[in-house]
Amino acid sequence: MSRLLGTQNRTLWFWVFVGPFALGLVLFTYVPLAWSVYLSFFDAHNTVSPTDFVGLDNYTSMLRNDAFTDSLVTFAVFSAFIVPTTFVLSLALALMVNRMRRAQAFFRSVFFLPAACSYVVAALIWKLSIFNGVRFGLANTVLGWFGAEQVAWLSTTEPPWYWLVIVTVRLWLQAGFYMILFLAGLQRISPTLYEAAAVDGARPGWQVLRHITLPQLRATSVAVTLLLVINAFQAFDEFYNLLSDSRGYPPYARPPLVYLYYTALGQGQNLGLGSAGAVILALIIAVVTVGQARWFGLGRKED
Amino acid sequence: MTISRRTLLATGAGLGLLTACGSNTGRGGGGSGSKGPRLAQWYHQYGEAGTEQAVKRYAAAYDKADVAVQWRPGNYDEQTAAALLTDSGPDVFEVNGPTLDQIQGGQVVDLTDLFEGVRDDFNPAVLAPKTYDGKIWAIPQVVDMHLLYYRKILLDDAGVRPPKSLDELVDAAKALTTKNVKGLFLGNDGGAGALGITPLYAAGLSSVTADGEVGFDDPAAARTLGKLRQLYADKSLLLGAPADWADPSAFVQELTAMQWCGLWALPAVKKELGDDFGVLALPADGPDGRPALPVGSYGAAVSARSDHKKEAKEFLKWLWIDKTEYQEDFALSYGFHIPARLSLVKKADKLKEGPAADAVRYSTEYGYAEPLLWTPASRTAYQDALSRVIKSGADPDSELKSVVRTVRAELARTKKKP
């Protein structure tokens, strides 16, 4: 018995602390995950215990489905845009806040606060009061001062104004959080490095940023990029709340999760097809994440 | 291999994990108390005040079972679809359907025998989509419909008469558009969702024909959808309104001169505008066209997973077939609906004059009900195509061709099943 508990009951305490979490993870993540893979090989309309095995049919029809492949393109474009933009913006904010002599804590909090706001609430504010399409919306009021025509921000596809709404709401929500990460990274850089650079004749500004600050921020940058990419993959809340209506979702700016939500969980209830899409998406995310980790040398010993 | 959901949940509950997070589904142990078994009845959230109290009053008046009403806000269709997969769902529930897959999947109970002697008293248009394979799977509660509302005074000022054809509607919407008021509101998506398949019927076509074939493989369909694009290209459409088409706010706040909305909005519109409004069906298009508007109904159904199917059916028969005074109260006292029973429509004084009378007449003359074979997958494909035609000016002909392919595949899939 005592061998089972380990010295000082360590084994016991290990399971007391880890057990509930591991159990939850298995029950609420791994079981549904495996179940979803199982469902993806069946014709599972309105059932989670299907009997009609269809092999890879769900996968082929999903990959041949233009709506699904379009949604993959949508989110690739979205990530390619939102990741660098958020990165640059939060780094710029961090550099500026870091240079402040006074009221640094105040500005840090001000920029961080939006991160505490829910995506749903922010999306509704953006949709209903800032970017609504009628004359009393905030954006249209501003346009009205300059005599410009009203714009139906979320309903116009040419030009695709809806991206402006989606990107701004995400930037507003996220930038502050990543700014804090960068700030922590900046404060870890030893001042002696800057002093040495100044002695060596490095000009303050771009040269110092390029050769001292950015290389020193490498670990933070890698973490931020990974988090941003994963966040972009998981895009759902603001898209759904900005663009869906009682009758469905428009065929543009439709991320894969939103498309699968309607396929599997809407009235369609095609759980087999939806699961196949989810497995494809998961595989893509896995490949991209592993590739990215390789590229950045994540997990390799820091030199 | 069949691992039932029940086994899985039992395992979870055995671990003592799920007991704490199970929400109250309204289903008790059953058999307790003098009123017989406990039945859980689900409704979606109606917007009109008093509806919730009314349905609870009806349920409390039933003496053969203890009926617990659940009023469920949020995405009701998704909630019921998920709940029907488990044993913790409702016994009786109202459903915007049931869908073909729910019927074929055996999720709802056959209710045909409840209709003995009264079948002819139900509005045939709304009973048809509840019928599959000669059996009836839900009892229509009330008839709802969509309508085109127009402001008389704004039309008079612009010298426009109520449109009699789709072309006239396009012209009228353009003439009515000013700097601050748009001509027509078809929903923030430009009409793809709200109008749906109605334009096909206005062109004299259909989504799926009575014998189960694609009903719009015809050049007339593309021509009609092209006219909806014209409305968008003319900038006659209100887009991005704070409240979407199902809410009459945009219409009564004078953001638009005409709006596609539902019969449910009629009391609110009348309260704000008095007699200064009229209603229309979607005007006809082309030589074979006729005006069209969708009629539909929420139906009351029994879950096949219920432990008390017999009692649940008895309750539904009592509420939606025998108790006509409750049906009348439910249809007309809160919000505004047409009773599903023809005998009740004849008695309803509220429906005898003004726009309400027009609406009732349109519902019988021009109303179509979405066919059961128009599955969610078909609807999504069609709605996506319509949105691309309206907003991006995609070629209606080629868009519709690809929709026809999807719908054919769906029809073939549903025929394959027993």
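Worth saying up front: this structure is predicted, and the values here are computed from it rather than measured.

Rules used in this analysis
- Residues numbered from 1 in each chain as written.
- Chains lettered and ligands numbered in written order.
- Predicted model: local features only at pLDDT ≥ 70, side-chain atom pairs only at ≥ 80, totals over all residues.
- Helix = DSSP H or I, 4+ residues; strand = E, 2+ residues; numbered from the N terminus.
- Rg over C-alpha atoms; globule rule 2.2 N^0.38 Å.
- Buried ≥ 20, exposed ≤ 12 C-beta atoms within 10 Å, placed from the backbone.
- Contact = placed C-beta atoms within 7 Å.
- Nonpolar A, V, L, I, M, F, W, Y, C, P; charged D, E, K, R; others polar.
- Pairing = 2+ DSSP bridges.
- Axes fitted to C-alpha atoms, helices over the stretch in contact; angles between N-to-C directions.
- Expected span 1.5 Å × (residues − 1).
- pLDDT = per-residue confidence, 0-100.

(A) Up close: the overall build of chain B. Of the regular secondary structure elements, chain B holds 18 helices and 14 strands. Against the globule reference of 22 Å for 418 residues, chain B gives a C-alpha radius of gyration of 23 Å, in line with a compact fold. Oriented by its inertia axes, the alpha-carbon framework of chain B measures out at about 70 × 50 × 45 Å. Buried residues in chain B amount to 50% of all 418 residues. Long-range contacts, defined here as pairs at least 24 residues apart, represent 73% of the contacts in chain B between residues at least 6 apart.

(B) Focus on the interface of chain B and chain A. Facing 38 residues of chain B, the contacting portion of chain A comprises 32 residues. Those elements that provide at least two residues to the side of chain B that touches chain A are α1 (5-14), α3 (76-83), α4 (100-104), α8 (192-195) and α17 (376-392) of chain B. Sorting elements by how many residues they give to the side of chain B that touches chain A places α17 of chain B first, with nine residues. When grouped by side-chain class, the residues that make up the side of chain B that touches chain A number twelve nonpolar, 17 polar and nine charged.

(C) Quick look at the sheet that holds strand β3 (residues 92-95) of chain B. Residue and element names in this part refer to chain B. Pairing is mixed across the open sheet formed by five strands, whose spatial order is β2-β1-β3-β12-β6. Unpaired on one side and paired on the other, β2 (66-72) and β6 (139-140) mark the two borders of the sheet. Two strands pair when backbone bridges link them, and β3 and strand β12 (residues 299-302) are joined in this way by four bridges, in the antiparallel orientation. Each residue of the ladder has a partner; that of V95, found in β12, is G299. Against the sheet, helix α2 (residues 51-61) engages β1 (38-44) and β2, with an angle of about 165° to β2.

(D) Region of the structure containing the environment of A173 of chain B. Residue and element names in this part refer to chain B. On the secondary structure map, A173 appears in helix α7 (residues 166-176). In sequence terms A173 and S236 are 63 residues apart; their C-alpha atoms lie 5.5 Å from each other. Contact partners of A173, with chain neighbours within four places excluded, come to G183, L184, L231, S236 and M258.

(E) Expanded view of unusual backbone geometry. The amide bond that connects E158 of chain A to the next residue, P159 of chain A, takes the cis arrangement and shows omega of -5°. Relative to the elements of secondary structure, P159 of chain A occurs in the loop between α7 (138-145) and α8 (162-188). In this model, N46 of chain A sits at a positive phi of 55°, which is unusual for a non-glycine residue. Positionally, N46 of chain A belongs in the loop between α2 (10-39) and α3 (57-64). Phi angles above zero are rare outside glycine, and K235 of chain B is one such case at about 60°. Here K235 of chain B shows up in the loop between α10 (219-233) and α11 (249-252). With 16 C-beta atoms packed within 10 Å, K235 of chain B lands in the partly exposed category.

(F) Summary view of helix α13 (residues 309-322) of chain B. Taking 1.5 Å of rise per residue, the 14 residues of α13 of chain B would be expected to cover 20 Å, and the 18 Å separating its terminal C-alpha atoms lies within 8% of that figure. When we look at burial in α13 of chain B, the residues that qualify are E311, A312, K313, F315, L316, L319, W320 and I321 of chain B.

(G) Layout of the confidence of the model for chain B. Scored by pLDDT, chain B comes out at a mean of 88, with 91% of its residues at no less than 70. Here the prediction assigns the complex a pTM of 0.84, and the interface score ipTM is 0.80.

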